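# Structural overview
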Amino acid sequence: MARQYTIGIDFGTESGRALLVDIADGREVASHVTPYPHGVIDEVLPGTGRRLEPDWALQHPGDYLKVLIASVPEVLRMSGVRPEEVIGIGIDFTACTMMPLDAGGTPLCLLPDWSHDPHAWVKLWKHHAAQDEANRLNEIAKQRGESFLARYGGRQSSEWMIAKIWQVAREAEDVYAAADLFMEAADWVVLQMTGQLVRNSCTAGYKAIWHQEQGYPAHDFFAALDPRLDRLTETKLRGQVLPLGSRAGGLSGEMAVALGLRPGTAVAAGIIDAHAAVPAVGAVMPGKLVMAMGTSTCHLLLSEQEAMVEGICGVVKDGIVPGYYGYEAGQSAVGDMFAWYVEQAVPEYVAEAAQEEGESVHAYLEKRAAAYRPGATGLLALDWWNGNRSVLVNADLSGVLIGATLLTKPEEIYRALLEASAFGTRKIIEAFVDQGVAVDELYACGGLPQRNHLLMQIYADVTGREIKIAASTQTAALGAAMFAAVAAGSAEGGYDNILEAAARMAHIREESFRPNPENTAVYERLYQEYLKLHNYFGRGGNSVMASLKEMKGAVRA
Ligand SMILES: Nc1ncnc2c1ncn2[C@@H]1O[C@H](COP(=O)(O)OP(=O)(O)O)[C@@H](O)[C@H]1O
Ligand SMILES: O=C(CO)[C@H](O)[C@H](O)COP(=O)(O)O
């Protein structure tokens, strides 16, 4: 039988990558990465010289199209696969990464009238400047007893759709008025490929308070937030919400030419990047916690029950795999926090020594940090360099390091940061377990498990659990390629559902990380200290971090 392929495209924080996959067995035939030319725009708005305020993080939508146009033809060229052998294309995206569009579907930032206004640009998932709106939204929803809050761990995050839209309405009323639609970047790219205005149930469910049976919250909730938001859901958020694995449409003629594929090739509804990784490691049944570890970490878990778990990002029925409640929790800086240390804080001699040894600063520090036993550094950190996503859901929180002395070495601090991120994950696991949502096995995927073995061993030791590692280094793209095979359907040689696709296409590595009982015992004690710090700075009205942030804003203004 002729071979058939799908292409999964993973739109990450810094770059997008296309992966061409053989759907018979998930073999990854070719992949190609296109860095976003504009990267993450968090200091100066392009073309204007205008400085952005702290906590802003924007992107250029043209960069996403560059990924399509550069990487898709490239994987076809590298593999020699013919267009007629590609039966589907699927995308996954960071989320909530959203933008305002005009009535023709053009992002406002691409129009000369609006390009000077930061609110016209794509707000990346880690844009945290809508914290005020998120705080107010949470207060109002709580006062009104809105039942949706329980599905989001009790709080909506500043990273998500409604807070971000409300920030536009409050700070740039003209941009808000000019926006015909607000769209997730995932859905906008699908719109560009197919001409179909559809939304996917994954971003709508996790990021925009949409519920499969109840839809969006009622008008009076939005009106209570702000009269301008009154009809938001049937105007600027309109569009049919499609379940995962649906065929959003066929590739348009123009896009087919640009990408080198057949017109009409099935395009799947989009999915959040981290969520796409779940089928890609085969974790399609309850109790398997998948950690998508990169710039940030997303924790994904399936369950047969819906429970109120503190500070989770959300629980969405059928949100990852049909038939189960899909839970998401997360840490908003993981790789980013290590990168901050490596790029901003290590002394020059470390960078020079790493260069002399022909390795990256990460690898150099990892090797040296591995020489310490748990507890030997005397350091403890809170991993809140980009706020706390779970379980405190507060972007105003910031990083802490205690125990430093005149003798503290850079590799010890590096190790303390790795440990802090592991403690953050353990806290999340405990939040699930405390509510009776089972966590039986851990799976890790994303860039970090492949790059940093010490990190993974620390995670196994801190959580006291074995960690299985994805075989693919492109799990999100592989998951997107699986959903593409489902969107194509069995009639075209694809699959009828994601369980079938996962049974054939998912792989994990033979090697896993197992906890070392001696290390686990020491980490148990350190974790209890971590909890004290966590609760001191994160709960009970302690406002140290918020005050510092407020003062910084006021002094810089
Ligand atoms: N050896 C390493 N140890 C720890 N962190 C690393 C290492 N190498 C890169 N990183 C960090 O990993 C993150 C990138 O992760 P990756 O999964 O590739 O990307 P993304 O999250 O954008 O999909 C960056 O923040 C980078 O600084
Ligand atoms: O919040 C998210 C998912 O819900 C983001 O998509 C995710 O955190 C992006 O991270 P990364 O760049 O590490 O893939």
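Residues numbered from 1 in each chain as written. Chains lettered and ligands numbered in written order. Predicted model: local features only at pLDDT ≥ 70, side-chain atom pairs only at ≥ 80, totals over all residues. Heavy atoms only, no water.

Identification of the chain as Ribulokinase from Paenibacillus roseus is taken from an unreviewed UniProt entry.

### Looking at the sheet that holds strand 16 (residues 288–293)
Here is the rule we go by: Here the rule is simple: two strands pair whenever DSSP picks up at least two bridges between them. Each helix is a run of H or I in the DSSP string that is no shorter than four residues. Each strand is a run of E no shorter than two, and both are numbered from the N terminus. Where helices are involved, their axes are fitted lines through C-alpha atoms of the stretch in contact, as for all axes, and angles between N-to-C directions lie from 0 to 180°. Any two residues whose heavy atoms approach within 4.5 Å are treated as being in contact.
Pairing in this open sheet of 7 strands is mixed, and the strands run 18-19-17-16-22-23-24 from one edge to the other. Both outer strands of the open sheet, strand 18 (314–317) and strand 24 (508–513), are each paired with one neighbouring strand and no more. Within the sheet, the average angular offset between the axes of one strand and its neighbour, ignoring direction, is 25°. The pairing of strand 16 with strand 17 (residues 297–303) spans 4 bridges and is antiparallel. Paired with Met291 across the strands is His299, a residue of strand 17. Of the strands in this sheet, strand 16, strand 19 (325–331), strand 22 (441–445), strand 23 (467–470) and strand 24 are in contact with helix 15 (residues 453–463), which crosses strand 24 at around 65°.

### Some remarks on the site of ligand 2
Applied cut-off: Any residue with at least one heavy atom within 4 Å of a molecule or strand is counted as near it. Distance and chemistry together define a polar contact, namely a pair of N or O atoms within 3.5 Å, with one atom able to donate a hydrogen and the other to accept it when in protein, and with adjacent residues in sequence counting only for side-chain atoms on both sides. Accessible surface is estimated by sampling points in the Shrake-Rupley manner with a 1.4 Å probe; for residues, cover comes only from the protein chains shown. Under the scheme applied, nonpolar residues are Ala, Val, Leu, Ile, Met, Phe, Trp, Tyr, Cys and Pro; charged residues are Asp, Glu, Lys and Arg; polar residues are all the others, including Gly.
Near ligand 2 lie 13 residues; those nearest to it are Thr13, Ala95, Lys207, Ser296 and Glu328. In this structure, an oxygen atom belonging to ligand 2 sits 2.4 Å away from a side-chain N or O atom of Thr13. In this structure, Thr295 approaches ligand 2 through a main-chain N or O atom, which is 3.3 Å from an oxygen atom. About the coverage of ligand 2: the protein hides 91% of its 380 Å² of free accessible area. Here the shell around ligand 2 is built from residues that sort into 4 nonpolar, 5 polar and 4 charged.

### Here we look at the UniProt feature "domain: Carbohydrate kinase FGGY C-terminal" (unreviewed entry) in the chain
As a reminder, the rule being used: UniProt positions are given in the numbering used here, feature names are shortened, and annotations may be inferred rather than shown by experiment.
Taking the UniProt record as the reference, the feature "domain: Carbohydrate kinase FGGY C-terminal" (unreviewed entry) is found at residues 290–488. The straight-line gap between the two end C-alpha atoms of residues 290–488 is 26 Å; of that span, 42% is helix and 19% is strand.

### Here's the deal with the site of ligand 1
Around ligand 1 there are 15 residues in total, and Thr295, Gly335, Gly447, Arg451 and Asn452 lie nearest to it. Taking Tyr414, its side chain carries an N or O atom lying 3.3 Å from a nitrogen atom of ligand 1. Mapped onto the shell around ligand 1, the elements with two or more residues apiece are helix 10 (335–345) and helix 14 (447–451). In terms of residue count, helix 10 provides more of the shell around ligand 1 than any other element does, 4 residues in total. A breakdown of the residues in the shell around ligand 1 according to their chemical character gives 5 nonpolar, 7 polar and 3 charged.

### Examining helix 17 (residues 498–505)
How we decide: Residue burial is assigned from relative accessible area. The probe radius is 1.4 Å, only protein chains are included, and a residue is buried under 20% of its type maximum, exposed over 50%, and partly exposed in between. Relevant arc is that of directions from the helix axis to the C-beta atoms, nothing else.
Among the residues making up helix 17, those that are buried are Ile498, Ala501, Ala502 and Met505. Each buried residue of helix 17 sits inside an arc of 100° when the element is viewed along its axis, so together they form one side. Considering only its buried residues, helix 17 is in contact with strand 1 (5–11), strand 2 (15–22), helix 9 (273–280) and helix 16 (475–488). The backbone nitrogen of Leu499 has a side-chain oxygen 3.1 Å away, supplied by the residue at the start of helix 17, namely Asn497.

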